[in-house]
Amino acid sequence: QVQLVESGGGLVQAGDSLTLSCTVSGRTFFTLTMGWFRQAPGKEREFVGAIDRSGESTHYEVSVKGRFTILRDNAKSTVHLQMNSLKPEDTAIYYCAANDITPWATSRRDNYNYWGQGTQVTVSS
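In this report, we go over the structure that sits alongside the text.

What counts and what doesn't
- Residues numbered from 1 in each chain as written.
- Predicted model: local features only at pLDDT ≥ 70, side-chain atom pairs only at ≥ 80, totals over all residues.
- Heavy atoms only, no water.
- Helix = DSSP H or I, 4+ residues; strand = E, 2+ residues; numbered from the N terminus.
- Rg over C-alpha atoms; globule rule 2.2 N^0.38 Å.
- Buried < 20%, exposed > 50% of the residue type's maximum accessible area, 1.4 Å probe, protein only.
- Contact = heavy atoms within 4.5 Å.
- Core = buried A, V, L, I, M, F, W, Y, C linked by side-chain atoms within 4.5 Å.
- Salt bridge = Lys/Arg side-chain N within 4 Å of Asp/Glu carboxyl O.
- Disulfide = S-S within 2.5 Å.

## Details of the overall build of the protein
Here comes step 1: When its secondary structure is counted, the protein shows zero helices and eleven strands.
Here comes step 2: When the helices and strands of the protein are read in sequence order from the N terminus, they spell out β-β-β-β-β-β-β-β-β-β-β.
Here comes step 3: Whereas a compact globule of 125 residues would reach a radius of gyration of roughly 14 Å, the protein reaches 13 Å, a difference of no more than 12%.
Here comes step 4: Taking all 125 residues of the protein together, the buried fraction comes to 43%.
Here comes step 5: In the protein, once contacts between residues fewer than 6 apart in sequence are set aside, the share between residues at least 24 apart is 58%.

Now the structure itself:
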């Protein structure tokens, strides 16, 4: 059974940085494409970014490009989401997701078949 466990959420001020981590168990990590999604209150869950199986290719949603970075450590079965210059509009529950369907860094939510429980990120102005 594949399990994804996120950590690192919290309350920060605008302009601060925060790093989320997601550790995967139950599956060989390098066979999984990893993604991050977020869901703000009253909104649909949206794509944030993704990293391919090798870690060589990433893809980001436009509003976070240049501020957020996804890194993976295949030896530790962990993916990180480094978030810099945070804005109040980044406030959401952040979800880690894994995909054994596509080898590339896809933004399609329906490609991801494993999900974490989510971690809250709150950015105050």
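## Looking at the nonpolar core
Here comes step 1: Grouped together as the largest cluster of nonpolar side chains are 28 residues, with contacts concentrated most on Met 34, Trp 36, Val 79, Leu 81, Met 83 and Tyr 94.
Here comes step 2: Those elements giving two or more residues to this core turn out to be strand 3 (18-25), strand 4 (33-39), strand 5 (46-51), strand 7 (68-73), strand 8 (78-83), strand 9 (92-99) and strand 11 (119-124).
Here comes step 3: What Met 83 contacts, discounting residues up to four positions off in sequence, is Asp 16, Ser 17, Leu 18, Leu 20, Arg 67, Phe 68, Tyr 94 and Val 121.
Here comes step 4: In this structure, Phe 37, Phe 47, Ala 50 and Ala 105 belong to the second largest nonpolar core, which totals six residues.

## Quick look at the pattern of salt bridges
Here comes step 1: Within the structure shown, the criterion is met by five salt bridges.
Here comes step 2: For Arg 108, the salt bridge goes to Asp 110, with nearest N and O atoms at 2.8 Å.
Here comes step 3: Accessibility expressed as a relative area gives 54% for Asp 110, which makes it exposed.
Here comes step 4: When salt bridges that share partners are traced, they join Arg 38, Glu 46, Arg 67 and Asp 90 into one network.

## Re the state of the cysteines
Here comes step 1: A full pass over the atoms with the stated rule returns one disulfide.
Here comes step 2: What pairs with Cys 22 in a disulfide is Cys 96, and their sulfur atoms sit 2.1 Å apart. Measuring handedness by torsion sign, the sulfur bridge of Cys 22 and Cys 96 sits at about -80° and is left-handed. Residue Cys 22 is found in strand 3, and its partner Cys 96 is found in strand 9; the two are separated by 74 residues along the sequence.

## A closer look at unusual backbone geometry
Among all residues save glycine, negative phi is the norm, and among peptide bonds the norm is trans.
Here comes step 1: Although it is not a glycine, Ser 77 adopts a positive phi angle of roughly 55°.
Here comes step 2: Its place among the elements puts Ser 77 in the loop between strand 7 and strand 8.
Here comes step 3: For Ser 85, which is not glycine, the phi dihedral falls at a positive 50°.
Here comes step 4: With respect to the element layout, Ser 85 can be found in the loop between strand 8 and strand 9.

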